[in-house]
Amino acid sequence: MSALLQQDEASQLLDAAIRGELPDSRGRFGPFGGRYVPETLVPAFERLEEGVKEHLHDESFQAEYRKELREWVGRPTALTFAPRLSEAWGAEVWLKREDLAHTGAHKINNAIGQALLAKRLGAERVIAETGAGQHGVASAAACARVGLPCTVYMGAVDIERQAPNVDRMHRLGAECVAVESGDKTLRAAIDEALRTWVTDPNGIYYLLGSAVGAHPYPYLVRELQSVIGEESRQQMLDQAGALPDAAFACVGGGSNAIGLFYPLLGDDIELIGVEAGGTGSGLGQNAATLATGTPGVLQGSYTMILQDDDGQVQETHSISAGLDYSGVGPEHALLQATGRVKYISAEDDEALEALEELCAAEGILTALETSHAFAAAKQYAKENPGSKILIGNSGRGDKDMPTLTKYPARIRTHASA
Ligand SMILES: *Cc1c(COP(=O)(O)O)cnc(C)c1O
């Protein structure tokens, strides 16, 4: 239990979250969230909030969104039993296969939903930010699908690190703009997208990639990603005959984790979010925002952030570009403060090892981001033998081959004759 909330306040807020009453009308998840933006951005956010209210739960929008998920994204994604991993860990391990979704990760669920919303709002073009490039690729694909031009802002440093994804975006018809300001990575890319959005809030739709930022984004992205948890819940009942004892997801901004956890909040399931522990617990060595951060405002939202004693936001480190962000979605900050979800971290080395083990045991090359969830789940299995474990397999690892190539494989499962 966090000192940020009194015990009775925490349990009331958790009940409200389970009943689907959060965020409140001001976009707040208890003390977290809200909208802390400059005056110039207020009209753009208000227009988006109105649009979300009008369309998101409208029957015809939902029908169109569900159809795209089925016919273009390839949902429902499989729930896969992992027999060899289960045997090795002494637990029953199930994987929710977001790696099988179109473009290779959960990000497409949000991108196609917001692209359809952009159409409904009459936008002439879409802008998006990207860090590692995965959200840029998903946005480019979704915009091509709905027939809207797309511009992706990407830090100059990231453009260099993620050249293949820049090429993918171009081929999908998007323009990729290098951001030379600030830290030249994800945070600067978000700032640049916001600056562009103000210039024409009616013509431009800003397609944000995670459950972060000012209201309504954390809510909008959660609603579009909840399909992960909804499907998982039903598939566990159908295929495993019961709900899991514990569910794990990696946490960067927190979109795949909130998508998995939100529909399971009211169930008797331990929920565990796994952040990037990087190379250690010192400031700057990791991206473990919830595990090691403090409350503050970052990019329009009051949430947990990595900052020094003077409130200066710190650079982060993780082997996985997708977890490398100094903030986190405000709903996770609340779920941590209420004690409903536990947030822990896995270090670079542990993630690499888990990735190799999964590859060799199940023939699945998972993303480096996702590998953090596997590392933590393995530890849980050791402490809880025989338990049923659900892991959100947020994306595939083909994109990580350039990084993986630097680390020689340590596991050899098949001895040569
Ligand atoms: C982007 C990404 C993440 C981290 O983003 P969240 O918003 O925290 O889900 C995790 N896994 C994969 C495969 C990603 O591409």
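Higher on the page you've got the structure.
The following paragraphs examine the structure supplied in this document. Every value quoted in this text rests on a predicted model; they were computed, and no experiment measured them. (Residues numbered from 1 in each chain as written. Predicted model: local features only at pLDDT ≥ 70, side-chain atom pairs only at ≥ 80, totals over all residues. Heavy atoms only, no water.)

**Some thoughts on the pattern of salt bridges**
Stage number 1. Under the criterion given, the structure shown has 26 salt bridges.
Stage number 2. Notably, a salt bridge pairs Arg-75 with Glu-98, separated by 2.8 Å at the nearest N-O pair. Taken together, the residues Arg-75 in the loop between helix H3 (59-73) and strand S3 (79-81) and Glu-98 in the loop between strand S4 (92-97) and helix H5 (107-120) connect sequence positions 23 residues apart.
Stage number 3. Under the relative-accessibility criterion, Glu-98 is labelled buried at 2%.
Stage number 4. Residue Arg-233 pairs with Asp-267 through a salt bridge whose shortest N-O separation is 2.7 Å. On the criterion of sequence distance, the pair formed by Arg-233 in helix H11 (residues 227-240) and Asp-267 in the loop between helix H12 (255-261) and strand S10 (270-278) is long-range, its members being 34 residues apart.
Stage number 5. For Arg-233, a relative accessible area of 27% translates into the label partly exposed.
Stage number 6. Each of Arg-35, Glu-49, Glu-50 and Lys-53 takes part in a single network of salt bridges with overlapping partners. (Salt bridge = Lys/Arg side-chain N within 4 Å of Asp/Glu carboxyl O. Helix = DSSP H or I, 4+ residues; strand = E, 2+ residues; numbered from the N terminus. Buried < 20%, exposed > 50% of the residue type's maximum accessible area, 1.4 Å probe, protein only.)

**Focus on the environment of Asn-110**
Stage number 1. Within the element layout of this structure, Asn-110 appears in helix H5.
Stage number 2. Measuring from C-alpha to C-alpha, the distance between Asn-110 and Ala-242 comes to 28 Å, with 132 residues separating the pair along the chain.
Stage number 3. Setting aside chain neighbours within four positions, we find Asn-110 in contact with His-135, Leu-207, Leu-208, Gly-209, Val-221, Leu-224 and Gln-225.
Stage number 4. Polar contacts involving the side chain of Asn-110 include one to the main-chain carbonyl oxygen of Leu-208, which spans 3.0 Å. (Contact = heavy atoms within 4.5 Å. Polar contact = N/O pair within 3.5 Å; in protein donor to acceptor, adjacent residues only side chain to side chain.)

**Observations regarding the site of the ligand**
Stage number 1. As a structural note, the neighbourhood of the ligand is formed by 17 residues, with Lys-107, Ser-210, Gly-252, Gly-254 and Ser-255 the closest of them.
Stage number 2. With respect to the pocket detection grid, the ligand is positioned in the largest pocket.
Stage number 3. Of the residues in the shell around the ligand, the class split is four nonpolar, 11 polar and two charged. (Near = heavy atom within 4 Å. 1 Å grid on protein atoms, 1.4 Å probe; cavity = no way out; pocket = protein on both sides within 12 Å on 5 of 7 lines; lining within 4 Å. Sits in = over half its atoms within 2 Å of the grid points. Nonpolar A, V, L, I, M, F, W, Y, C, P; charged D, E, K, R; others polar.)

**Some details on empty space enclosed by the protein**
Stage number 1. Considering all chains together, one arrives at two cavities of 30 Å³ or more under this definition.
Stage number 2. Volume-wise, the largest cavity comes out at about 80 Å³.
Stage number 3. Every residue along the wall of the largest cavity is listed here: Ala-44, Arg-47, Leu-48, Leu-121, Ala-123, Trp-197, Pro-201, Asn-202, Ile-204, Tyr-205, Tyr-206 and Tyr-217.
Stage number 4. Contributing elements (two or more residues each) for the lining of the largest cavity: helix H2 (42-55) and strand S8 (204-206).
Stage number 5. Partitioning the lining of the largest cavity into residue classes produces 10 nonpolar, one polar and one charged.
Stage number 6. Of the volumes computed, that of the second largest cavity is approximately 40 Å³.
Stage number 7. Residue lining of the second largest cavity: Val-212, Gly-213, Leu-298, Gln-299, Ser-301, Thr-303, Tyr-325, Gly-327 and Val-328, and that is the complete set.
Stage number 8. Its residues assigned to classes, the lining of the second largest cavity comprises four nonpolar, five polar and no charged. (Points joined across faces, edges and corners; volume = space filled by probe spheres on them.)

Take it as geometry only, folks, not as evidence of what the structure does.
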